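Take a look at the letters that make up each chain.
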Amino acid sequence: MGIAVYPDSASTPHALIQMADVAMYRAKTDGRGIYRIYSPEMGANMRRYHYLLDEMRLAIDSGNFFLTFQPVINVDGCHINYFEALVRWQHPVEGTITPDEFIPIAENSNLILELGDWILDEACRQMAAWYNAGMKSARISVNISAVQLKYKALSEWVLTSLQKTALPPTSLMLEITESCFIDAPDEAIRELEKLRQAGVIVAIDDFGTGFSSLAVLGNLPVDVLKIDKLFVSEAMNNKKYNKILHSIVDMAKQLELKVVAEGIEHVEQFELLKSLGVKYIQGYLISRPQRSSVVGEKIFDQGYSGLAQTGTSTWLPQTSRLTSGRILQSKAAS
Ligand code: C2E
Ligand code: CA
Ligand code: CA
């Protein structure tokens, strides 16, 4: 429900209704079963929303999006396990707009369907190029939103993109947040299962923030559990979060799920997760998301012989010599 109050919110009946609408829109985006009272800041947000929505329609047509790639590495040896594809919007006036701002708008307006087609094709196309150059055992991971789960015939959509780009299904992973899984239609779950049978792997993203029951988790078609960065950042100085982190890792092991921890920014976090038995990590300590050209330079500069042998290359944390020295020491000690 949205509420506007005379005369604070507006002074004419028509404007009052419009402002109540703005407040209602805000209530809808904030959650279910709640109300919001109009404030001028909401009006500014609303104008920004409509501006970005109009601009996004143009941007999709003129190809103003690009993908960045963030490596996820194995804590033992720092080999790249996969790259997460993260979309960016290169706006002619605003500069780079981050997905936290435009993905919710794209989802609300269903523009994510069109944008998501491009993201999947582009991610597979890029990975196919790296695959052909020797990256045979690393994967590309693509984020899928609730709207796509609801409206796309998932298996046909994904397999067509793989065929078009000549990327093997075993080189692809899909990331779906825990909260999307909770609302996903049964059909989408069956479609994901089909994709898994074809070799695509599925990750449950932002785990720990969606309040899914553990009973549900046992039945989901997933191979990988990505622990939300909140647990990583809180675990260092909050005992309760530390214990929750322990339990999530233990539970994942029981369910034979591969665990990935995201948001690793400090050496201490790296060491904590390693001591808990987490094998795969992602975060600014290793690398921020990078453009494909930077990734290409990084992996192919190490030469092609290692790549040919292992099907992947290493990505050492980009920190000062002191901190990377500490990581290598702890690696040598373990
Ligand atoms: P996400 O899927 O949870 O992606 C991880 C986000 O954490 C990324 O933000 C990444 O840059 C950021 N991150 C990585 N390491 C660290 C770290 O050490 N510290 C901190 N503080 N952050 C870190 P980004 O790229 O801004 O994306 C934000 C969200 O937007 C993503 O969260 C995802 O939900 C959505 N998104 C991004 N790209 C896509 C896409 O292609 N499709 C869809 N549907 N959603 C996307
Ligand atoms: Ca993700
Ligand atoms: Ca996440």
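It should be noted that the structure appears before, not after, this text.
A brief look at the structure comes next.

1. Topic: the pattern of salt bridges
Thinking step 1. In this structure the tally under the stated criterion is 18 salt bridges.
Thinking step 2. Here Asp121 and Lys164 are joined by a salt bridge, their closest N and O atoms 2.9 Å apart. Of this pair, Asp121 sits in helix H4 (residues 111–132) while Lys164 sits in helix H6 (residues 154–165), placing them 43 residues apart in sequence.
Thinking step 3. Assessed through its relative accessible area of 58%, Lys164 is described here as exposed.
Thinking step 4. One salt bridge in this structure joins Arg196 and Asp223, with 3.0 Å as the shortest N-O distance.

2. As for the coordination of the calcium ion (ligand 3)
Thinking step 1. The protein atoms that coordinate the calcium ion (ligand 3) are Asp205 (OD), Asp206 (OD), Glu262 (OE) and Glu262 (OE), at distances spanning 2.0 to 3.0 Å.
Thinking step 2. Positions of the donor residues of the calcium ion (ligand 3) along the chain correspond to the pattern D-D-x55-E.
Thinking step 3. The metal-metal distance between the calcium ion (ligand 3) and the calcium ion (ligand 2) comes to 4.5 Å, with Asp205 coordinating both. With Asp206 in strand E8 (residues 201–207) and Glu262 in the loop between strand E10 (258–261) and helix H12 (267–276), this pair connects stretches of sequence that are 56 residues apart.
Thinking step 4. Assessed through its relative accessible area of 8%, Glu262 is described here as buried.

3. Side note on the packing of aromatic side chains
Aromatic ring pairs are reported here in terms of the distance separating the ring centres and the angle at which the planes meet.
Thinking step 1. Using the criterion set out here, one finds 9 aromatic pairs in the structure.
Thinking step 2. With 6.2 Å between their ring centres and 75 degrees between their planes, Phe83 and Trp315 make a pair best called edge-to-face. With Phe83 in strand E4 (residues 80–91) and Trp315 in the loop between helix H14 (304–310) and helix H15 (321–333), this pair connects stretches of sequence that are 232 residues apart.
Thinking step 3. Grouping aromatic residues by their ring pairs yields a cluster made of Phe69, Phe83, Trp130 and Trp315.
Thinking step 4. Sitting above the plane of the Tyr131 ring, Lys136 keeps its charged end 4.5 Å from the centroid.

4. Quick look at the side chain of Asp228
Thinking step 1. Locating Asp228 in the fold gives a position in the loop between strand E9 (224–227) and helix H10 (229–235).
Thinking step 2. Put simply, Asp228 is tucked away with no salt bridge, and the nearest opposite charge, on Lys229, sits 5.5 Å away.
Thinking step 3. Asp228 has contacts with Asp206, Phe207, Thr209 and Glu262, leaving out every residue within four places of it along the chain.

5. Observations regarding the coordination of the calcium ion (ligand 2)
Perfect tetrahedral coordination of a metal by four donors corresponds to 109.5 degrees between them, and perfect octahedral coordination by six donors corresponds to 90 or 180 degrees.
Thinking step 1. Donor atoms from the polypeptide that bind the calcium ion (ligand 2) are Glu84 (OE), Asn143 (OD1), Glu175 (OE) and Asp205 (OD), placed at 2.2 to 2.4 Å.
Thinking step 2. Each donor residue of the calcium ion (ligand 2) belongs to the same chain, with the gaps between them written as E-x58-N-x31-E-x29-D.

6. Overview of the site of ligand 1
Thinking step 1. Taken together, the neighbourhood of ligand 1 is formed by 21 residues, with Gln70, Arg88, Lys229, Glu265 and Tyr284 sitting nearest.
Thinking step 2. Here an oxygen atom of ligand 1 and a side-chain polar atom of Lys229 are 3.0 Å apart.
Thinking step 3. Separating an oxygen atom of ligand 1 from a backbone N or O atom of Tyr284 is a distance of 2.8 Å.
Thinking step 4. Here ligand 1, which alone exposes 790 Å², has 86% of that area covered by the protein.
Thinking step 5. Looking at the shell around ligand 1, the elements that each hand over two or more residues are E4, helix H3 (99–108) and E8.
Thinking step 6. Among the elements that make up the shell around ligand 1, the one with the highest residue count is E4 (4 residues).

So, how was this worked out
Residues numbered from 1 in each chain as written. Chains lettered and ligands numbered in written order. Predicted model: local features only at pLDDT ≥ 70, side-chain atom pairs only at ≥ 80, totals over all residues. Heavy atoms only, no water. Salt bridge = Lys/Arg side-chain N within 4 Å of Asp/Glu carboxyl O. Helix = DSSP H or I, 4+ residues; strand = E, 2+ residues; numbered from the N terminus. Buried < 20%, exposed > 50% of the residue type's maximum accessible area, 1.4 Å probe, protein only. Donors = N, O, S within 2.8 Å, 3.2 Å for Na, K, Ca; no water. Phe/Tyr/Trp six-rings, centres within 6.5 Å; stacked < 30°, edge-to-face > 60°. Lys NZ or Arg CZ within 6 Å of the ring centre and 35° of its normal. Lys, Arg positive; Asp, Glu negative; His and termini not counted. Contact = heavy atoms within 4.5 Å. Near = heavy atom within 4 Å. Polar contact = N/O pair within 3.5 Å; in protein donor to acceptor, adjacent residues only side chain to side chain. Areas by Shrake-Rupley, 256 points an atom, 1.4 Å probe, with all protein chains shown as cover.

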